[in-house]
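Summary of the model geometry
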Amino acid sequence: MRIVAGTWRGRALVAPPGQATRPTADRVRQALFDMLLHAPWAGRGMIEGASVLDVFAGTGALGLEALSRGAAHATFIERDRAALITLRTNIAACRAQDLATVLAIDTQATPPGEPAGVIFLDPPYHQDLVPRALAHLRTAGRIASNALIIAETARDEPPCTVTPLLAERLHGAARLSIWREV
């Protein structure tokens, strides 16, 4: 697993042993960021200078990819101990400590804080965690008005029921759903 593009292009990322963490595949991240770069509803300015929230961060691949492509800051939310060790290792490997905040907590315990303009949600599959996580993040003031929200769920899970859905793509076992906060 590597950073696909940007300042840290080609930088290797590590994943924790076992099956508890399911990192987003390089090809899926490449497809996602290509779509964001070229979509009329996003574009380069959506990531560059953005404050990013990587929820259920795991290895941190999504947030680190955004930082590599010019995001100003990323907050990573993760509670699994093995994933946290790996996340911190990957942040250090990219020398991104000054650009990153790690919250070692359950998503439902996220404290109030600065709202982010780009939200990545990559929860464990088949647990219907996206709606609950979003509800809590809204209550905590972590989602900026008009934020771009990207959720990765299992291909065979019911799709996110948000409208308007800006894009939805299937990549292997993953479903990417993208919409704006209203």
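Small disclaimer: the values here were computed from a predicted structure and weren't measured.

**Some details on the pattern of salt bridges**
Any two side chains of opposite charge can pair, given that their charged atoms come close. In total, this model carries seven salt bridges according to the counting rule given. Here arginine 29 makes a salt bridge to aspartate 26, at a shortest N to O gap of 2.4 Å. Here arginine 29 pairs with aspartate 26, and both are found in helix α1 (residues 26-38), just three residues apart, close to one helical turn. Taking the relative accessible area as the measure of exposure, aspartate 26 reaches 28% and is therefore partly exposed. Through salt bridges with shared partners, a single ionic network connects Asp26, Arg29, Glu65 and Arg69.

**With respect to the sheet that holds strand β1 (residues 51-55)**
Across the sheet, which stays open at both edges, the seven strands sit in the order β3-β2-β1-β4-β5-β7-β6 with mixed pairing between neighbours. Strands at the two margins of the open sheet, each flanked by one partner only, are β3 (100-103) and β6 (165-171). The mean angle between the axes of side-by-side strands here comes to 15°, regardless of whether they run parallel or antiparallel. With seven bridges joining them, strand β5 (residues 143-154) and strand β7 (residues 174-180) adopt antiparallel strand pairing. Bridge assignment links isoleucine 149 to a residue of β7, and that residue is tryptophan 179. Along the sheet face, helix α4 (residues 81-93) touches β2 (73-77) and β3 and points at about 175° away from the line of β3.

**Regarding helix α5 (residues 129-139)**
Those residues of α5 that fall on the buried side of the exposure criterion are Leu129, Val130, Ala133, Leu134, His136 and Leu137. Down the axis of α5, the sector holding all buried residues measures 165°, keeping them to one side. Where the residues of α5 are buried, they touch β1, β2, β4 (116-121), β5 and β7. Of the residues trailing α5, glycine 141 is marked for its positive phi of about 70°.

**Section: the environment of tryptophan 41**
The topology assignment puts tryptophan 41 in the loop between α1 and α2 (44-47). Residue classification places tryptophan 41 among the buried positions, given a relative accessible area of 19%. Leaving out residues up to four positions away in the same chain, tryptophan 41 has contacts with Met35, Leu36, Leu148, Leu166, Ala167, Ile178 and Arg180.

**Thoughts on the layout of surface pockets**
Approximately 520 Å³ is the volume attributed to the largest pocket. When contributions to the lining of the largest pocket are tallied by element, the ones reaching two or more residues are α3 (61-68) and α5. Of all the elements, α5 adds the most residues to the lining of the largest pocket, at three residues. Residue composition of the lining of the largest pocket, grouped by class: 13 nonpolar, seven polar and eight charged. The volume enclosed by the second largest pocket comes to roughly 240 Å³. Per-element tally for the lining of the second largest pocket: the top contributor is α5, with four residues. Class assignment for the residues of the lining of the second largest pocket results in ten nonpolar, four polar and two charged.

**Things to note about the nonpolar core**
Counting residues in hydrophobic clusters, the biggest one holds 36 residues, and the most contacted among them are Leu32, Leu36, Leu64, Phe76, Phe120 and Ile178. If you list the elements that add at least two residues to this core, you get α1, α2, α3, β2, α4, β4, β5 and β7. The residues contacting phenylalanine 76, other than those within four sequence positions of it, are Asp54, Ala57, Gly60, Gly63, Leu64, Leu67, Leu87, Ile91, Ala100, Thr101, Val102 and Leu103. In terms of nonpolar packing, the next biggest core, distinct from the first, is built from 20 residues, Leu53, Phe56, Ile77 and Leu134 among them.

**Observations regarding the packing of aromatic side chains**
This model, assessed by the stated rule, comprises one aromatic pair. Pairing phenylalanine 33 with phenylalanine 120 gives two aromatic rings, centres 5.8 Å apart and planes at 40°, and the pair type is tilted. Taken together, the residues phenylalanine 33 in helix α1 and phenylalanine 120 in strand β4 connect sequence positions 87 residues apart. For the pair formed by phenylalanine 33 and phenylalanine 120, the shared burial category is buried.

What counts as what
Residues numbered from 1 in each chain as written. Predicted model: local features only at pLDDT ≥ 70, side-chain atom pairs only at ≥ 80, totals over all residues. Heavy atoms only, no water. Salt bridge = Lys/Arg side-chain N within 4 Å of Asp/Glu carboxyl O. Helix = DSSP H or I, 4+ residues; strand = E, 2+ residues; numbered from the N terminus. Buried < 20%, exposed > 50% of the residue type's maximum accessible area, 1.4 Å probe, protein only. Pairing = 2+ DSSP bridges. Axes fitted to C-alpha atoms, helices over the stretch in contact; angles between N-to-C directions. Contact = heavy atoms within 4.5 Å. Arc of directions from axis to C-beta. 1 Å grid on protein atoms, 1.4 Å probe; cavity = no way out; pocket = protein on both sides within 12 Å on 5 of 7 lines; lining within 4 Å. Points joined across faces, edges and corners; volume = space filled by probe spheres on them. Nonpolar A, V, L, I, M, F, W, Y, C, P; charged D, E, K, R; others polar. Core = buried A, V, L, I, M, F, W, Y, C linked by side-chain atoms within 4.5 Å. Phe/Tyr/Trp six-rings, centres within 6.5 Å; stacked < 30°, edge-to-face > 60°.

Fair warning: the whole summary comes from geometry, so function is off the table for now.
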